[in-house]
Amino acid sequence: MTFFLNILPSLPLVRTTQFETKGNKPQLRPSYTTACSRSSSHSSPSVVASVSRAVDNLLYFKDGLTHHQREERRSRDERRQILLARMHNAESCKQWDAAAQELDVLEGNDEWKADMSTGDYNPEILAMRLRDLDEARMTGNTRAMMHLVRTALSRDLGGMGNIDLYRHSYFGTKKLVERYVDSALQTITALVERSAPHPHIPDHDHFEARDLLDAMLYARQSFGRSALLLSGGGTFGMTHIGVLKALFEAKLLPRIISGASAGSIVCSVFCVKTDDEIPEVLEEFPHGDLAVFEEQGNEDGLLDHLRRLLTEGSWSDIKHLTRVMRELLGDITFQEAYNRTRRICNICVSTASIYELPRLLNYVTAPNVMIWSAVAASCSVPLVFSAVLGIQRPKSG
């Protein structure tokens, strides 16, 4: 048996008066309360403060942060989640860039960008080439600028093409890399401006337009061109539309676009349309007829698919894909598409023999092949679609 002894003295009773109404006459009724009950309402804020301090002390032993630091981290995490949601739901490249730049500032990535010493690249080479470009441009030395453009431009100068340099932050990369790219562009622009006759430019520094054009062509040939490669992935390949939309709105859509399987569908549609037609394509293409596996309203049953799989070796009929592509593209060849848009459409197709490499069809290797037939051949995945042959337009037209 356990006994509890009250060693505290009893608190005196305090008389209070309460009003009660009986009928129309108010009456006084005395009541008694302890001093503790009267002071409980006044002491509750101090009790809450004491409990809060105790909790903060316990959390300090857990994470080593003060209450103020913990509140700052909580508000920063909330802001980070808001910015990530904005990036995920962005409808344009401009909205995504604004959220990404603010997120870099919030997470301290700008400090990493400004620090030249960190990162898997060679900052000394970049800094030296940047200094040479700036000096040649500032002094107006046309021959030095021409020499640097012809010999010094490289996509991977000092390792600046390392993909890890573009994974650390959400927007941009090292400031040194960005300054080098901007300086190279400004140098090329200065060369173009100085190629025109100008009274303030000496004759020995003046280049003929033909000489400058030849130099720029050689520089472009050695530097190479950017290309966009669209892979397969079934219906997931339709996400390529968003990539092309962002590049087109930013005026960064390359002239060379390659696609395989589902990527060839998106690649071919964009390569046969001019710049004036692409905005309409972006609005209508995702909501158009893309029933490449079955015709809407006339779907095949399970027994039909099994019969085709056992007799023809494919689950779906290739005619649905060819119908959709002919409606989207028409009977246009690679050469005609190139003449119309000046874009180079490349479609990768597999060969019938296992001993041959895949072939790349474009306006050079297959100028008279219908693009829709090349897309059907590229999408001929075993057990899904039957193999097809590329169809060429007769020489008579």
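Scope of this entry: the structure provided in the associated data block.

Scoring rules and cut-offs
Residues numbered from 1 in each chain as written. Predicted model: local features only at pLDDT ≥ 70, side-chain atom pairs only at ≥ 80, totals over all residues. Heavy atoms only, no water. Helix = DSSP H or I, 4+ residues; strand = E, 2+ residues; numbered from the N terminus. Expected span 1.5 Å × (residues − 1). Buried < 20%, exposed > 50% of the residue type's maximum accessible area, 1.4 Å probe, protein only. Pairing = 2+ DSSP bridges. Axes fitted to C-alpha atoms, helices over the stretch in contact; angles between N-to-C directions. Contact = heavy atoms within 4.5 Å. Core = buried A, V, L, I, M, F, W, Y, C linked by side-chain atoms within 4.5 Å. Parallel < 35°, antiparallel > 145°, perpendicular 65-115°, else oblique. Left-handed = near helix turned anticlockwise from the far one by under 90°. 1 Å grid on protein atoms, 1.4 Å probe; cavity = no way out; pocket = protein on both sides within 12 Å on 5 of 7 lines; lining within 4 Å. Points joined across faces, edges and corners; volume = space filled by probe spheres on them. Polar contact = N/O pair within 3.5 Å; in protein donor to acceptor, adjacent residues only side chain to side chain. Nonpolar A, V, L, I, M, F, W, Y, C, P; charged D, E, K, R; others polar.

**Observations concerning helix 3 (residues 93-107)**
In an α-helix there are 3.6 residues to a turn, and that puts residues three or four apart on one side.
And step 1. Its 15 residues give helix 3 an end-to-end C-alpha distance of 21 Å, which sits within 8% of 21 Å, the value for a rise of 1.5 Å per residue.
And step 2. Turning to helix 3, its buried residues are Asp97, Ala99, Ala100, Leu103 and Asp104.
And step 3. Note on helix 3: the residue one or two positions beyond its end, Gly108, has a positive phi of about 80 degrees.

**Some points on the sheet that holds strand 4 (residues 256-259)**
Two modes of strand pairing occur in sheets, parallel and antiparallel, and in both the strands are linked by backbone hydrogen bonds.
And step 1. Here four strands make up an open sheet; going across it, the order is 3-4-5-6 and the pairing mixed. Pairing within the sheet leaves two strands with one partner each, and these edge strands are strand 3 (227-230) and strand 6 (359-361). Pairs of neighbouring strands in the sheet enclose a mean axial angle of 20 degrees, with direction left out of account.
And step 2. Bridge count for strand 4 against strand 5 (residues 344-349) is four bridges, and the pairing is parallel. Following the sheet pairing, Ile257 is matched in strand 5 by Cys345.
And step 3. Most of the contacts of helix 10 (residues 262-271) go to strand 5, to which it runs at about 160 degrees, and overall it touches strand 3, strand 4 and strand 5.

**Some words on the nonpolar core**
And step 1. Among the nonpolar cores identified, the biggest contains 38 residues, and Leu244, Leu329, Phe334, Ile347 and Ile371 are the most heavily contacted of them.
And step 2. Within the residue set of this core, elements represented by two or more residues are strand 3, helix 9 (240-249), helix 10, helix 11 (278-284), helix 13 (318-329), helix 14 (334-341), strand 5 and helix 15 (371-378).
And step 3. In this structure Ile347 touches Gly259, Ser264, Ser268, Phe334, Arg359, Leu360, Leu361, Ile371, Ala374, Val375 and Ser378, once residues within four positions along its chain are discounted.
And step 4. Grouped together as the second largest cluster of nonpolar side chains are 24 residues, Leu130, Leu133, Val177 and Ala219 included.

**So, the packing of helix 5 (residues 123-139) against helix 6 (residues 142-151)**
And step 1. Where helix 5 meets helix 6, the axes come as close as 8 Å, and the angle between the chain directions of the two elements is 150 degrees. Accordingly, the angle class assigned to the pair helix 5 and helix 6 is roughly antiparallel. By crossing handedness, the relation of helix 5 to helix 6 is classed as left-handed. Note on element contacts: helix 6 touches helix 5 through Ala144, Met145 and Leu148, opposite Asp132, Leu133, Ala136 and Arg137.

**Notes on the layout of surface pockets**
And step 1. Within this model, the largest pocket holds a volume of roughly 1600 Å³.
And step 2. As for the largest pocket, its lining consists of 44 residues, of which Arg155, Val181, Ser226, Leu247 and Leu252 are closest to the centre.
And step 3. Sorting the residues of the lining of the largest pocket by element identifies helix 2 (67-88), helix 3, helix 7 (175-195), helix 8 (209-223) and helix 9 as the ones contributing at least two each.
And step 4. The biggest single contributor to the lining of the largest pocket is helix 7, with seven residues.

**Some details on the side chain of His240**
And step 1. By secondary structure assignment, the location of His240 is in helix 9.
And step 2. Exposure remark for His240: the relative accessible area of 12% places this residue in the buried category.
And step 3. A polar contact of 2.8 Å, which involves the side chain of His240, links it to the backbone oxygen of Ser231.
And step 4. Among all residues touching His240, those that are not within four sequence positions of it are Leu230, Ser231, Gly263 and Val266.

**Observations regarding the packing of helix 5 against helix 7**
And step 1. Where helix 5 contacts helix 7, the two axes come as close as 9 Å, and the packing angle between them is 30 degrees. Accordingly, the angle class assigned to the pair helix 5 and helix 7 is roughly parallel. Classified by chirality, the crossing of helix 7 by helix 5 is left-handed. In this structure, helix 5 contributes Pro123, Leu126, Ala127, Arg129, Leu130, Leu133, Asp134 and Arg137 to the contact, and helix 7 contributes Leu176, Val177, Arg179, Tyr180, Ser183, Ala184, Gln186, Thr187 and Ala190.
And step 2. Here the contact of helix 5 with helix 7 is built from residues that sort into 10 nonpolar, three polar and four charged.

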